[in-house]
Amino acid sequence: MLRIFSEELMNPDNFVITIELVPGRESFGRNTDTLIGIAKDAFSDGRVSAVSITDNPGGNPSLSPDVLGYEIFRHGLDVIVHFTCRDMNRVGMESRALQLARMGMKNILCLTGDYSGKGFGGRGAPVFDLDSVLLTRMVKGLSNRMMTSGDPDPFFSGCGVSPFKTLKSECLAQYKKLDMKIDAGASFAITQLGYDINKFNELIRYHNEKNAHIPVMASVFLLSPKAARAMNKHRVPGAHVSDALYEKVTQEWKIPKEGLNAAIERSARLGAILKGIGFRGIHIGGVHRSFTTVARILDRMEKIGDDWPAHMNEFSGKEKNAYYVYDKIVEDKNIPAFKPGLKERVINHWPYGMLCFAHNLFFNKTAGLAPVYRKLAAFLESHDKEWVLKHCLEDPIKIPLLSCQSCGDCGIQHTAFLCPESGCPKHTRNGPCGGSRNGACEVYPDKECIWVRAYKRLDYAGKLSTFLEDKVPPRNWELNKTSSWINFHLNRDHQKEKKQIKQQP
Ligand code: SF4
């Protein structure tokens, strides 16, 4: 190994280049040989610090990044392994992380992951036992354990961030989630794909204002018409290509050679700008045939050098009606103040107020009646009568109100009293995944993302300061199908970690 990604990225004097490789659904063959070839050429070229390898992208089966990565790693180039929460539960994930550590591959990009795609016989079961924040926390815990048992190096874990969001609720949720990931142990971040320099600037400014210490890399994607179309039509979660850019790319590729030249030029200009505005590196994607394309992008970036401001205009168009954190004019004039109608109040805000009231009355361990509830819960348990409470009271209230799934480890109070088990297909307990689009869920676009709903509820109730404030542990599956009310009062659920969980104000 001649270069170590973590060392290069942590040196503020470096501008780091990585390439994303996307394995296919084959163990041997042309696609796999091409990826190995790109990695070998990148190693010989000497400007690339690491390759990152995707983990069943789009949720569809592909060659494991662990095995492909190991082959590249043994050749001498450092590897970042994408690690999603979609296909394994926490037991499998920990085992996989240990395996990677044993193989020496410690750079892990912790991601929630796209929703499940199609494999043998149809759509696979989505697991999502942990979310990306919890995975990051698990990896940090593992690092500590590994080092006490003699492993000299911890994991170097990174996270994703999606600045290309249009609603205020989505933008703020993404940034708050980034904070949570850093707090959980992320050592670097990589952005999703987009071409709006205002959004890149916004992220860097937010990050600097927070005095966040971790380096942020930006994704730069070589746009083909096929990729541009997929991103424009929202088929790549979290990525964004505007209508105008999609149109332009389609025109450019009418003559394929010219299309490629234009794509290389665009990538190089964007890369040079991102370097100029303060990103610590770029992550180049969309290169599937040969390293020559990457080399051409890097050569051109070197030529552009300090002239990057000359190309800013090309990427500075703002999305109409999109929210920009630091753009008060757009916020004040273009976006109407949030005034829910009667239907919205009946569906969203009144249930919130009612549940908030009930929660503070019955599920506040410091309240005067708490010892009474505890004794009642203990009595029911000791007489094997928990089912009476669950079937006669808890289920009849929670099923119609929340589509409760009886997880027994209720987390509704962290999501403004919406159920993350029934309301979010990825069961996220610590903020949204990166896939929402204009407030709609990545998986079910006809539904609003549960975190957008939570944001609106809290905003309306004047409690926005509590949005994404809790660090919620993973659901305890031992409690599945038991009474969450009894579990709460007998200190069996995740809220026994009292220091981590705040009461609703
Ligand atoms: S509800 Fe939100 S967080 Fe959950 S999968 Fe849909 S977009 Fe992602």
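Conventions we followed
- Residues numbered from 1 in each chain as written.
- Predicted model: local features only at pLDDT ≥ 70, side-chain atom pairs only at ≥ 80, totals over all residues.
- Heavy atoms only, no water.
- Helix = DSSP H or I, 4+ residues; strand = E, 2+ residues; numbered from the N terminus.
- Buried < 20%, exposed > 50% of the residue type's maximum accessible area, 1.4 Å probe, protein only.
- Contact = heavy atoms within 4.5 Å.
- Areas by Shrake-Rupley, 256 points an atom, 1.4 Å probe, with all protein chains shown as cover.
- Lys, Arg positive; Asp, Glu negative; His and termini not counted.
- Charge placed at Lys NZ, Arg CZ, Asp CG, Glu CD.
- Core = buried A, V, L, I, M, F, W, Y, C linked by side-chain atoms within 4.5 Å.
- UniProt positions renumbered as here; feature names shortened; annotations may be inferred.
- Salt bridge = Lys/Arg side-chain N within 4 Å of Asp/Glu carboxyl O.
- Near = heavy atom within 4 Å.
- Nonpolar A, V, L, I, M, F, W, Y, C, P; charged D, E, K, R; others polar.
- Domains from an automatic or database assignment.
- Buried area = accessible area lost by both parts, 1.4 Å probe.
- Phe/Tyr/Trp six-rings, centres within 6.5 Å; stacked < 30°, edge-to-face > 60°.
- Disulfide = S-S within 2.5 Å.

Caption draft 1: Layout of the overall build of the protein chain. When helices and strands are tallied, the protein chain shows 18 helices and 10 strands. In terms of its C-alpha atoms, the protein chain occupies a principal-axis envelope of roughly 75 × 60 × 45 Å. A total of 505 residues make up the protein chain; the buried ones form 53% of that total. Counting only contacts in the protein chain whose residues sit at least 6 apart along the sequence, the fraction spanning at least 24 positions is 76%. Surface summary for the protein chain: the accessible area is close to 23300 Å², and the carbon and sulfur share equals 55%. The protein chain carries 68 positive and 56 negative side-chain charges, and their two centres are separated by 4 Å.

Caption draft 2: Inspection of the nonpolar core at higher detail. Formed by 94 residues in total, the largest nonpolar core has its most connected members in Ile19, Leu21, Ile72, Phe200, Leu223, Leu274 and Phe279. The residues contacting isoleucine 72, other than those within four sequence positions of it, are Leu21, Ile36, Ala39, Val51, Ile53, Leu77 and Val79. Grouped together as the second largest cluster of nonpolar side chains are 24 residues, Val452, Tyr455, Leu458 and Phe467 included.

Caption draft 3: Broad picture of the side chain of aspartate 395. Turning to its location among the elements, aspartate 395 is positioned in helix H15 (residues 386–402). Since its relative accessible area comes to 12%, aspartate 395 is described here as buried. If near-sequence neighbours (up to four positions away) are discounted, aspartate 395 is found in contact with Lys390, Pro400 and Ser406.

Caption draft 4: A look at the UniProt feature "domain: Methylene-tetrahydrofolate reductase C-terminal-like" (unreviewed entry) in the protein chain. UniProt marks residues 397–478 with the feature "domain: Methylene-tetrahydrofolate reductase C-terminal-like" (unreviewed entry), using the numbering shown here. Within the segment residues 397–478, helix and strand shares are 26% and 0% respectively, and the terminal C-alpha atoms sit 23 Å apart.

Caption draft 5: The arrangement of the pattern of salt bridges in detail. Counted under the stated rule, the structure contains 29 salt bridges. Measuring nitrogen to oxygen at the nearest pair gives 3.0 Å for the salt bridge that ties lysine 106 to aspartate 151. One end of the pair, lysine 106, is in the loop between helix H4 (90–103) and strand E4 (107–111); the other, aspartate 151, is in the loop between helix H5 (132–148) and strand E7 (156–161), with 45 residues separating them in the sequence. Taken as a pair, lysine 106 and aspartate 151 share a single burial class, namely buried.

Caption draft 6: Spatial organisation of the site of the ligand. The environment of the ligand is made up of Cys424, Pro425, Lys426, Thr428, Pro432, Cys433, Ser436, Cys441, Glu442, Cys449, Ile450 and Trp451. By residue class, the composition of the shell around the ligand is 8 nonpolar, 2 polar and 2 charged.

Caption draft 7: Examining the domain arrangement of the protein chain more closely. Each assigned domain of the protein chain is listed here: domain 1 (5–315) and domain 2 (342–500). Taking only C-alpha atoms, the centre of domain 1 and the centre of domain 2 are 34 Å apart. Taken together, the contact pairs 33 residues of domain 1 with 32 residues of domain 2. Of the roughly 2500 Å² buried where domain 1 meets domain 2, counting both sides, 52% is carbon and sulfur surface. Its largest share of buried area at the contact with domain 2, domain 1 owes to Tyr115, Lys176 and Met180, together 20% of the area lost on that side. The tally of links from domain 1 across to domain 2 stands at 2 salt bridges.

Caption draft 8: Spotlight on the packing of aromatic side chains. Tallied over the entire structure, the rule returns 12 aromatic pairs. Consider the rings of tyrosine 115 and phenylalanine 128, whose centres lie 6.0 Å apart with planes at 5°: the pair is stacked. Of this pair, tyrosine 115 sits in the loop between E4 and strand E5 (118–119) while phenylalanine 128 sits in the loop between strand E6 (122–123) and H5, and the two are 13 residues apart along the sequence. Accessibility classification places tyrosine 115 together with phenylalanine 128 in one group, the buried group. Seen in terms of ring centroids, tyrosine 455 and phenylalanine 467 are 5.3 Å apart; in terms of plane orientation they differ by 85°. Their pairing is edge-to-face.

Caption draft 9: Main features of the state of the cysteines. Counted under the stated rule, the structure contains 0 disulfides. Not part of a disulfide, cysteine 171 finds its nearest cysteine sulfur in cysteine 449, a span of 13 Å. Just so you know, cysteine 419 is unpaired, no disulfide at all, and the nearest cysteine sulfur is the one on cysteine 404, 6.1 Å from it.

Caption draft 10: Expanded view of unusual backbone geometry. Look at asparagine 321: it is not a glycine, yet its phi comes out positive at around 65°. Summarising the element assignment, asparagine 321 is placed in the loop between helix H11 (291–304) and helix H12 (328–334). Positive phi is not limited to glycine here, since serine 406 has a value of about 55°. The topology assignment puts serine 406 in the loop between H15 and helix H16 (420–423).

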